[in-house]
Amino acid sequence: QQQVKQSPQSLIVQKGGIPIINCAYENTAFDYFPWYQQFPGKGPALLIAIRPDVSEKKEGRFTISFNKSAKQFSLHIMDSQPGDSATYFCAAAQGAQKLVFGQGTRLTINP
Amino acid sequence: NAGVTQTPKFQVLKTGQSMTLQCAQDMNHEYMSWYRQDPGMGLRLIHYSVGAGITDQGEVPNGYNVSRSTTEDFPLRLLSAAPSQTSVYFCASSYFETQYFGPGTRLLVL
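Residues numbered from 1 in each chain as written. Chains lettered and ligands numbered in written order. Predicted model: local features only at pLDDT ≥ 70, side-chain atom pairs only at ≥ 80, totals over all residues. Heavy atoms only, no water.

Draft legend 1. Quick peek at the sheet that holds strand 7 (residues 62–67) of chain A. All names here are of chain A. Sheet architecture is open: five strands sit in the order 1-3-8-7-6, paired in antiparallel fashion. Of all strands in the sheet, those with a lone pairing partner are strand 1 (4–7) and strand 6 (56–59), marking the two edges. Going across the sheet, the axis of each strand differs from the next one's by a mean of 15 degrees, ignoring polarity. Here six bridges tie strand 7 to strand 8 (residues 72–77), and the two strands are oriented antiparallel to one another. Bridging across to strand 8, Thr-63 finds its partner in His-76. (Pairing = 2+ DSSP bridges. Helix = DSSP H or I, 4+ residues; strand = E, 2+ residues; numbered from the N terminus. Axes fitted to C-alpha atoms, helices over the stretch in contact; angles between N-to-C directions.)

Draft legend 2. Geometry of the environment of Gln-14 of chain A. Residues and elements named next belong to chain A. One can find Gln-14 in strand 2 (residues 10–14). As a C-alpha pair, Gln-14 and Val-100 span 86 residues in sequence and 30 Å in three-dimensional space. Once residues within four sequence positions are removed from consideration, Gln-14 is found in contact with Ser-80, Ile-109, Asn-110 and Pro-111. (Contact = heavy atoms within 4.5 Å.)

Draft legend 3. The interface of chain B and chain A, seen in detail. Between chain B and chain A, the residue contacts involve 18 residues of the former and 17 residues of the latter. For the pair chain B and chain A, the summed buried area comes to about 1,500 Å², and 52% of that belongs to carbon and sulfur atoms. Looking at the side of chain B facing chain A, the largest losses of area belong to Leu-43, Glu-97 and Phe-101 of chain B, adding up to 34% of the total buried there. One can count one salt bridge joining chain B with chain A. One can count five residue pairs in polar contact (both at pLDDT 80 or more) joining chain B with chain A. Contributions of two or more residues to the side of chain B that touches chain A are made by strand 4 (31–38), strand 5 (42–51), strand 9 (87–95) and strand 10 (98–101) of chain B. In the side of chain B that touches chain A, the residues fall into ten nonpolar, seven polar and one charged. (Buried area = accessible area lost by both parts, 1.4 Å probe. Salt bridge = Lys/Arg side-chain N within 4 Å of Asp/Glu carboxyl O. Polar contact = N/O pair within 3.5 Å; in protein donor to acceptor, adjacent residues only side chain to side chain. Nonpolar A, V, L, I, M, F, W, Y, C, P; charged D, E, K, R; others polar.)

Draft legend 4. Highlighting the environment of Gln-22 of chain B. All names here are of chain B. Relative to the elements of secondary structure, Gln-22 occurs in strand 3 (residues 19–25). On the accessibility criterion, Gln-22 (39% relative accessible area) is partly exposed. Expressed as a C-alpha distance, the spacing of Gln-22 and Cys-91, which sit 69 residues apart in the sequence, is 8.8 Å. When sequence neighbours within four positions are dropped, the list of residues in contact with Gln-22 reads Thr-5, Gln-6, Thr-7, Trp-34 and Pro-75. (Buried < 20%, exposed > 50% of the residue type's maximum accessible area, 1.4 Å probe, protein only.)

Draft legend 5. Quick look at the environment of Ala-2 of chain B. Residue and element names in this part refer to chain B. As for its position among the elements, Ala-2 is in the segment before strand 1 (4–7). Given a relative accessible area of 56%, Ala-2 falls into the exposed group. Distance from Ala-2 to Tyr-95, taken between C-alpha atoms, is 15 Å for residues 93 residues apart in sequence.

Right, dumping it as structure tokens:
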């Protein structure tokens, strides 16, 4: 049973566009929702994270939107650049340690 | 400060062989964990440790053993490798909320 469902599996956007990646979770005990970025041949790296007491968090060009009642959260990348091309994973955890990951989204930003 | 290191980078095993994937961190983090990454399935937690001498199972622990004798090291053991264990394995250590992942070990079981 996939506790965190992520979509789409792949996404192609033109430079400057705003890719949006969506995730839905089932366990209402989750209280920490990070996004990880992974480049080919590398380990995932924390990009941005949110707690359920806020509905939005921005860090630079990256924004998380969080809808607690719908049990959904999403990642928006403003003014996307070719260097943002990577695989993105959402995750959820209770207490921030035992992460449950989504399936991943392979994002390509065309020049 | 090397962060999280993993060895080897790549390994080929035959079915039934055993091996140990090494993981070390130099950040003095108490929490360490092992994940496997498979296409279309994201990363799944295998085992984790909240400190030296303490380990527990994650989502997919079958076929894997761990131990934690020091804060720095958290090896993952495959006692009898199976083709289903072909995957990329990531070790991570964490400080509060941020988990720092190593570069991964690619394992192929024939």
